[in-house]
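# Structural overview for review
These are the residues of each chain, in order.
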Amino acid sequence: MYAYAANNPVRYIDPDGRSMWDGIPFGTRSIIGSNVHTIIESNLLIRFPGSETEVRIPGGGRFGTDGRADFVYKNEIYEIKPVTQANDPDAKKQLEKYVEHMQGYKKGTSKLLEIGAIELEDQVIFSIPGCGEIRADIKLYTYPGNPAQEGMIYYSLSNKKDNLDYKKLKAIGAVTGLVTAAVVVISVASGGGATHTATEIGKKIIKESAAAIIF
């Protein structure tokens, strides 16, 4: 019943039933998250002239280091997070700290309605050498009128039928992990001399396995 929310509807939410972060390797999620941020920020810059992204905030980061606000429009600060964190209070603490360290600035409200209507289709969010591109539709969610969600921009990634995409990365990730382990074993057994060959074999296995699992 709760499979759409990783069997944990308290921690995870999934408005369209097609996006879920749980189960994808953390390192890969970090790369995807960074790429998605860049795509969203670039789109917002075009839509809202005079806005800024990755704005440096002295002392606004963790442990007193400098922080970077995802999106700033006039005197409003917005933070971008995956929609799975919409009910996570920790996701909002970063924005609150930015506002504290930027005198005259506040949590963004004026553009929440417009931003929440944005859907970016067929975006390339990740590439796997030898396997192709992972594509997804990106949908933005905001909650105008909700004081607890001021300044927060959430996103989800939806599957693309004809391409390697976000959810399918889970299958590829599992195969990649097995191949990586095999490469290490072969390399150690041969004193490192077979690394190149093992890597090439690994790429072939990943590509063929992805095709077998996905299509």
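These notes cover the structure that comes with them.

### Section: the pairing of strand β3 (residues 76–82)
For β3, the buried fraction is high: 7 of the 7 residues fall into the buried class. Pairing of strand β2 (residues 67–73) with β3, which is carried by 3 bridges, proceeds in the antiparallel orientation. Across the sheet, the residue bridging to Tyr73 is Glu76, located in β3. Across 2 bridges, β3 lies against strand β4 (residues 106–107) in parallel orientation. Looking across to β4, one finds that Glu76 is bridged to Lys106. Each parallel crossover has a hand, and for β3 linked through helix α2 (residues 90–101) to β4 it is right-handed. Pairing of β3 with strand β7 (residues 152–158), which is carried by 4 bridges, proceeds in the parallel orientation. Each bridged residue has a counterpart across the sheet, and for Lys81 the counterpart in β7 is Tyr154.

### Quick word on the packing of aromatic side chains
Applying the stated criterion to the full structure yields 4 aromatic pairs. Judged by centre distance (5.5 Å) and plane angle (50°), the ring pair of Phe71 and Tyr78 falls under tilted. Exposure remark for Tyr78: the relative accessible area of 0% places this residue in the buried category. In textbook terms, an aromatic cluster arises when at least three aromatic residues are bridged by ring pairs, as seen for Phe48, Phe71, Tyr73 and Tyr78. Cation over ring: Lys139 sits above Tyr141, and NZ or CZ is 5.5 Å from the ring centre.

### Some remarks on the side chain of Glu41
With respect to the helices, strands and loops of the structure, Glu41 is situated in helix α1 (residues 26–47). No salt bridge is formed by the buried Glu41. Its closest oppositely charged neighbour is Arg68, at 9.4 Å. The residues contacting Glu41, other than those within four sequence positions of it, are Thr53, Glu54, Asp70 and Ile80.

### Some remarks on the side chain of Ser156
Checked against the element boundaries, Ser156 lands in strand β7. Of the residues examined, Ser156 reaches a relative accessible area of 0% and is grouped as buried. A polar atom in the side chain of Ser156 sits 3.2 Å from the side chain of Tyr141.

### A few points about the environment of Val72
Within the secondary structure, Val72 is located in strand β2. In this structure the C-alpha to C-alpha distance between Val72 and Lys107, which are 35 residues apart in sequence, comes to 9.5 Å.

### So, the nonpolar core
Counting residues in hydrophobic clusters, the biggest one holds 24 residues, and the most contacted among them are Ile125 and Ile138. Of the residues forming this core, the biggest block, 5 residues, is contributed by α1. The contacts of Ile138, once residues within four sequence positions are left out, are Val36, Ile39, Ile40, Ile118, Glu119, Leu120, Gln123, Ile125, Tyr155, Ser156 and Leu157. In this structure, Val55, Ala69, Ala86 and Met102 belong to the second largest nonpolar core, which totals 14 residues.

### Observations regarding the environment of Ala69
By the secondary structure assignment, Ala69 is in strand β2. Remark: the alpha-carbon pair of Ala69 and Gln94, spanning 25 residues in sequence, is separated by 8.9 Å.

What counts and how
The residue count restarts for each chain, going from 1 along the sequence in the order it is written. Whole-chain, interface and lining totals are the exception, using all residues; otherwise, since this is a predicted model, local features are given only for residues with pLDDT of at least 70 and side-chain atom pairs are given and counted only at 80 or more. Values shown for side chains rest on all heavy atoms present in the structure; no hydrogens or waters enter the calculation. The buried label applies to any residue whose accessible area, calculated with a 1.4 Å probe on protein chains only, is under 20% of its type's maximum; exposed applies above 50%, and partly exposed to all values in between. Going along the chain from the N terminus, every DSSP run of H or I of four or more residues is numbered as a helix, and every run of E of two or more is numbered as a strand. By definition, two strands form a pair when at least two bridges between them are found by DSSP. Whether a crossover is right-handed depends on one test, that the path from the first strand over the helix to the second runs clockwise when the strands point away from the viewer. When two rings of Phe, Tyr or Trp (its six-membered ring) have centres within 6.5 Å they constitute a pair, described as stacked for plane angles under 30 degrees, edge-to-face for angles over 60, and tilted for the intermediate range. Note on criteria: charge over ring means Lys NZ or Arg CZ within 6 Å of the ring centre, with the direction from the centre no more than 35 degrees off the ring normal. Counted as positive: Lys and Arg. Counted as negative: Asp and Glu, with His and the chain ends omitted from the count. Between Lys or Arg on one side and Asp or Glu on the other, a salt bridge is scored when a side-chain nitrogen of the former is within 4 Å of a carboxyl oxygen of the latter. Every residue pair with non-hydrogen atoms within 4.5 Å of one another is taken to be in contact. Under this definition, polar contacts are N or O atom pairs within 3.5 Å; protein pairs additionally need one hydrogen-donor-capable and one acceptor-capable atom, and for neighbouring residues in sequence, both atoms have to be side-chain atoms. Put simply, a nonpolar core is a bunch of buried Ala, Val, Leu, Ile, Met, Phe, Trp, Tyr and Cys residues held in one set by side-chain atoms that sit within 4.5 Å of each other.

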